[in-house]
Amino acid sequence: MIDPSQLLRPEPTFNDKPIQAYRDYTIDDTDPIKERVRRTYYEMHTKMTVDLAKEKREKWLKFNHFKATVKEALIRLNEVVDESDPDLDLPNIVHAFQTAERIRQDHPNDDWFHLIGLIHDLGKVMALYGEPQWCVVGDTFAVGCKWADAIVYGPESFKDNPDTYNPKYNTPHGMYKPHCGLDNLMISWSHDEYLYQFLKHNKSTLPEKGLVMIRYHSFYPWHSGGEYRQLTNEKDEETLKYVTEFNKYDLYTKSEKIPDIEALWPYYEKLIEKYIPGVCEW
């Protein structure tokens, strides 16, 4: 399963990749990675409507698709390469350990944070159970209101989305009340919301600040683009601090060396047992 988000190789060429070189979504139909990324996002932006977002929640939040431990699901991430990522052409489990180990280095006493780094993309297992990648990976955005300018490829990429022309949805507030808060927004369906709800359903004991890191880490138009401030509230400013702290590890660990995953498993198995043990419902 090839993922469009991939310049993120471990070769020496990328070792000193400057921050401004990440998340390069310029269109170049001669570059196969950029073209794959563009196709993924355009399909997402054409098909992700309010109705579809509701439909996917109805489908996946029954948690009746398979049963597995968190470790078993993480191992399955070896089969997923994110088609929306212009910075990485490696299996997701490699990025998972890269992220976790950098967090562990900077926050040695926050073991819950290490585990958040490891599992943050685990919702992408949906791609192994029939869900197309455009409905699993990539940046998220609010549906039911005007498309934000900071969304990747811009509002023009939504020209074939029927919600673009629906007066209930195409104003700055759309179907929401002013300052209703992030928790009351319907975000485009993706691995973020699925994993957040999975952890709630399976009674994880991870702290709430870790859960919101997962829930909103792909919500780039909000946490990095400054959008949706007409809809957010005071609580969301605190959430933004947590998500921003996590995001620097999610984004800028991708060109580092590949970690020794087998050697690291014993440590992370203990964290899984502590915070989300046993066989879970997915």
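Residues numbered from 1 in each chain as written. Predicted model: local features only at pLDDT ≥ 70, side-chain atom pairs only at ≥ 80, totals over all residues. Heavy atoms only, no water.

Named according to an unreviewed UniProt entry, the chain is Inositol oxygenase originating from Pieris macdunnoughi. Under the UniProt heading Sequence similarities (unreviewed entry), the note attached to the chain is "Belongs to the myo-inositol oxygenase family." The record in UniProt for the chain states the following under Subcellular location (unreviewed entry): "Cytoplasm". (UniProt positions renumbered as here; feature names shortened; annotations may be inferred.)

### Things to note about helix α6 (residues 191–201)
Within α6, eight of the eleven residues are buried, leaving the element largely enclosed by the surrounding structure. Listed in full, the buried residues belonging to α6 are His-191, Asp-192, Glu-193, Tyr-194, Leu-195, Tyr-196, Phe-198 and Leu-199. Its side-chain oxygen at 3.1 Å from the backbone nitrogen of Asp-192, Ser-190 defines the N-terminal cap of α6. Positioned one or two residues after α6, Lys-203 has a phi angle of 60°, which is positive. (Buried < 20%, exposed > 50% of the residue type's maximum accessible area, 1.4 Å probe, protein only. Helix = DSSP H or I, 4+ residues; strand = E, 2+ residues; numbered from the N terminus. Polar contact = N/O pair within 3.5 Å; in protein donor to acceptor, adjacent residues only side chain to side chain.)

### A closer look at the packing of α6 against helix α7 (residues 208–216)
For any two helices packed against each other, the geometry comes down to the angle between their axes and how far apart the axes lie. Between α6 and α7, whose axes approach to 7 Å, the crossing angle comes to 150°. With respect to their mutual orientation, α6 and α7 come out roughly antiparallel. For the pair formed by α6 and α7, the contact residues are Asp-192, Glu-193, Leu-195, Tyr-196, Gln-197, Leu-199 and Lys-200 on the first element and Glu-208, Leu-211, Ile-214, Arg-215 and Tyr-216 on the second. (Axes fitted to C-alpha atoms, helices over the stretch in contact; angles between N-to-C directions. Parallel < 35°, antiparallel > 145°, perpendicular 65-115°, else oblique. Contact = heavy atoms within 4.5 Å.)

### Structural notes on the UniProt feature "binding site: Fe cation" (unreviewed entry) in the chain
Under the present numbering, the feature "binding site: Fe cation" (unreviewed entry) in UniProt falls on His-95, His-120, Asp-121, His-191, His-217 and Asp-250. Of note, Asp-121 is situated in the loop between α5 (111–119) and α6. We classify Asp-121 as buried; its relative accessible area is 6%. If we ignore the near neighbours within four places in the chain, the residues touching Asp-121 are Leu-77, Asn-92, His-95, His-191 and His-217. Within the secondary structure layout, His-217 lies in the loop between α7 and α8 (220–223). Exposure remark for His-217: the relative accessible area of 1% places this residue in the buried category. Not counting residues up to four positions away in its chain, the partners in contact with His-217 are His-120, Asp-121, His-191, Asp-192, His-223, Val-243, Phe-246, Asn-247 and Asp-250. At 3.4 Å, the side chain of His-217 and the side chain of His-191 are in polar contact.

### Describing the side chain of Glu-193
Assignment of secondary structure puts Glu-193 in helix α6. For Glu-193, a relative accessible area of 7% gives the class buried. Apart from the residues within four sequence positions on either side, Glu-193 is in contact with Arg-57 and Arg-215.

### Let's talk about the side chain of Thr-140
Its place among the elements puts Thr-140 in the loop between α5 and α6. Relative accessible area serves as the criterion here: at 2%, Thr-140 is assigned to the buried category. Within polar-contact distance, the side chain of Thr-140 engages the backbone nitrogen of Phe-219 at 3.3 Å. Ignoring sequence-local partners within four residues, the contact set of Thr-140 consists of Ile-187, Ser-188, Ser-190, Ser-218, Phe-219, Tyr-220 and Pro-221.

### Overview of unusual backbone geometry
Positive phi, close to 55°, is recorded for Phe-63, a residue that is not glycine. Positionally, Phe-63 belongs in the loop between α2 (50–60) and β1 (67–68). In this structure Phe-63 comes out as buried when scored by relative accessible area, which is 7%. A positive phi angle is found at His-179, which is not glycine, with a value near 55°. For His-179, a relative accessible area of 47% corresponds to the partly exposed category.

### Details of the UniProt feature "binding site: substrate" (unreviewed entry) in the chain
Here, UniProt's "binding site: substrate" (unreviewed entry) annotation points to Arg-23, Asp-82, Glu-83, Ser-84, Lys-124, Gly-138, Asp-139, His-217 and Ser-218. As for its position among the elements, Gly-138 is in the loop between α5 and α6.

### Quick notes on the environment of Asp-149
Note that Asp-149 resides in the loop between α5 and α6. Look past the residues within four positions of Asp-149 in its chain and what remains in contact with it is Gly-154, Pro-155 and Glu-227.

### Re empty space enclosed by the protein
To find leftover empty space, one rolls a probe the size of a water molecule over the atoms. Across all of its chains, the model carries two cavities of 30 Å³ or more by this definition. Size it by volume and the second largest cavity reaches roughly 40 Å³. Surrounding the second largest cavity, Thr-140, Ile-187, Ser-188, Ser-190, Asp-192, Glu-193, Arg-215 and Tyr-216 form its lining. For the lining of the second largest cavity, the secondary structure elements donating two or more residues are α6 and α7. Looking at the lining of the second largest cavity residue by residue, the classes come out as two nonpolar, three polar and three charged. (1 Å grid on protein atoms, 1.4 Å probe; cavity = no way out; pocket = protein on both sides within 12 Å on 5 of 7 lines; lining within 4 Å. Points joined across faces, edges and corners; volume = space filled by probe spheres on them. Nonpolar A, V, L, I, M, F, W, Y, C, P; charged D, E, K, R; others polar.)

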